[in-house]
Amino acid sequence: MHALDAGDCTYSSVHSLNTQHVHPVVSRLTQTGFFRYFKVNIYCDCPLWPDDSMCAMRACSVCECGANEVPAPWLAAEKEAEKTCKAVQNPECDTEGCAIEMEGRVNQSLDPAVKQQLIRHDNGWRGLNNPWMAEGEDAEEFQYINLLVNPERYTGYKGEHAHRIWSAIYNQSCFTDGVSCSEERVFYRLISGMHASISCHLAADYLLDEQQGIWGPNLEEFKQRLGTPEVRDRVQNLYFAYLFVLRAAMKAAPLLTSYEYDTGLQEEDAQTRQLLTQLLANPAIVEACPMPFDEGRLWKGDNAAELKAQLQATFQNITRIMDCVGCEKCKLWGKLQTLGEHVGM
């Protein structure tokens with residue numbers, strides 16, 4: 001069985017680990033209140049070039065509810081927390097109709113019981129004091145997004161603008177000057193792995209018939225992006241990024257298993273803690289690929305501090321590039337996956 005360039009792991013061992021132990025638990029975690037809602041700024045301006053993007057589908061933007069459609073307790077909680085709601089007043093906008101009109105839209109419906117608890121958290125998707133992420137503006141406005149009703153899938157966002165996003169990411173100076181050290185190699189593999197992950201999701205849930213609104217697997221798209229020997233490195237990097245994030249979660253196990261998961265839904269919060277403990281204390285996960293990635297080898301050279309600062313600046317630039325994604329649903333998932341890698345770092 002082919003070995004991954006990640007310790008003693010093989011494709012087969014990682015696949016078995018995920019299928020038998022990780023995915024069954026993580027798929028249940030994503031159903032819980034704490035993990036199915038994501039606080040993010042969807043409407044941020046692009047700081048790098050004119051915001052001239054348009055999703056290929058005719059309705060790739062969010063159709064927000066008017067103030068009279070939002071539950072009163074939500075508005076009261078936002079006012080108390082000195083939050084402002086960026087509501088779009090459109091008398092012809094019907095919430096239900098907008099939700100099914102086109103897949104590019106982001107459904108912002110939220111359980112009122114969860115809304116009351118989440119509104120008190122001030123930090124958005126950028127996190128707090130994370131040196132790998134760009135700081136947001138003080139006046140940023142955030143939305144709470146239910147990820148279960150906004151799955152990552154192909155929305156029709158393609159063409160010149162989509163290519164410009166990835167070109168801007170891969171044209172960071174540490175890539176264009178050549179990957180010359182282990183730190184830069186790790187960084188490149190993480191970005192490539194995230195790119196491959198996005199490609200997998202798009203090919204797995206692809207727009208097959210726009211007129212009838214039919215989505216499903218697109219094997220040809222998968223082959224083009226990830227299924228040929230010429231792009232084998234993309235698959236390797238996908239597995240590498242998976243193991244990187246898994247190792248980060250295992251290292252953070254004491255924090256994650258003792259954290260107070262409070263959404264106001266007591267049964268779900270108890271289940272969240274139980275599932276995380278089940279995942280992070282699983283001997284099969286602890287013992288599998290014991291050294292898929294050895295971060296102890298990083299930042300050891302004479303220029304370690306300078307290199308670390310350079311890579312942090314590059315990660316911060318990628319945070320800003322994600323603000324320029326022209327499809328709101330693509331931006332949502334791009335920011336979420338970027339955040340995951342930033343936290344892992």
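Residues numbered from 1 in each chain as written. Predicted model: local features only at pLDDT ≥ 70, side-chain atom pairs only at ≥ 80, totals over all residues. Heavy atoms only, no water.

## Here's the deal with helix H15 (residues 328–344)
In step 1: Helix length check: H15, at 17 residues, gives a terminal C-alpha distance of 24 Å against a target of 24 Å (1.5 Å per residue), a fit within 8%.
In step 2: Extensive coverage of H15 is indicated by the burial of twelve of its 17 residues.
In step 3: Every buried residue of H15 is listed here: Glu328, Lys329, Lys331, Leu332, Trp333, Gly334, Lys335, Gln337, Thr338, Leu339, Glu341 and His342. (Helix = DSSP H or I, 4+ residues; strand = E, 2+ residues; numbered from the N terminus. Expected span 1.5 Å × (residues − 1). Buried < 20%, exposed > 50% of the residue type's maximum accessible area, 1.4 Å probe, protein only.)

## Quick notes on the confidence of the model for the chain
In step 1: Residue-level pLDDT values for the chain average 75, and 67% of them are 70 or greater.
In step 2: Taken element by element, the chain is modelled with least confidence in helix H4 (residues 95–101), mean pLDDT 39, and with most confidence in helix H9 (residues 219–226), mean pLDDT 95.
In step 3: A low-confidence stretch, residues 61–75 stays under pLDDT 50, and its non-local contacts, those more than four residues away or across chains, total 34 contacts.
In step 4: Under a pLDDT of 50 for its full length, residues 114–126 has, in the predicted model, 46 contacts with residues more than four places off or in other chains. (pLDDT = per-residue confidence, 0-100. Contact = heavy atoms within 4.5 Å.)

## Let's talk about the side chain of Arg36
In step 1: Mapped onto the elements, Arg36 comes out in helix H2 (residues 33–36).
In step 2: Of the polar contacts made by the side chain of Arg36, one reaches the side chain of Tyr37; its length is 3.4 Å.
In step 3: Residues contacting Arg36, with those up to four places away along its chain left out, are Thr30, Gln31, Ile145, Asn146, Leu147, Leu148, Leu265 and Glu268. (Polar contact = N/O pair within 3.5 Å; in protein donor to acceptor, adjacent residues only side chain to side chain.)

## Quick look at the pattern of salt bridges
When the charged atoms of two side chains with opposite charge come close together, those side chains can pair.
In step 1: Enumeration according to the criterion identifies four salt bridges in this entry.
In step 2: In this structure, Glu221 and Arg225 form a salt bridge, with 2.5 Å as the shortest nitrogen-oxygen distance. Within this pair, Glu221 and its partner Arg225 are both found in helix H9, separated by four residues, close to a single helical turn.
In step 3: Lys335 serves as the salt-bridge partner of Asp323, at 2.8 Å between the closest nitrogen and oxygen. Placement of Asp323 in the loop between helix H14 (304–322) and H15 and of Lys335 in helix H15 is noted, with a sequence separation of twelve residues between them. Both residues of the pair, Asp323 and Lys335, belong to the buried class. (Salt bridge = Lys/Arg side-chain N within 4 Å of Asp/Glu carboxyl O.)

## Quick word on the nonpolar core
In step 1: By size, the foremost hydrophobic cluster in this structure holds 25 residues, and its most contacted members are Trp49, Tyr157, Ile165, Ile169, Phe187 and Ile191.
In step 2: Elements that contribute at least two residues to this core include exactly helix H6 (160–170), helix H8 (182–204), strand E3 (206–209) and H14.
In step 3: The biggest single contributor to this core is H14, with six residues.
In step 4: Beyond its immediate chain neighbours, meaning those up to four positions away, Trp49 contacts His161, Arg164, Ile165, Ala168 and Cys324.
In step 5: Val25, Leu246, Tyr261 and Leu280 belong to the second largest nonpolar core, which has 13 residues in total. (Core = buried A, V, L, I, M, F, W, Y, C linked by side-chain atoms within 4.5 Å.)

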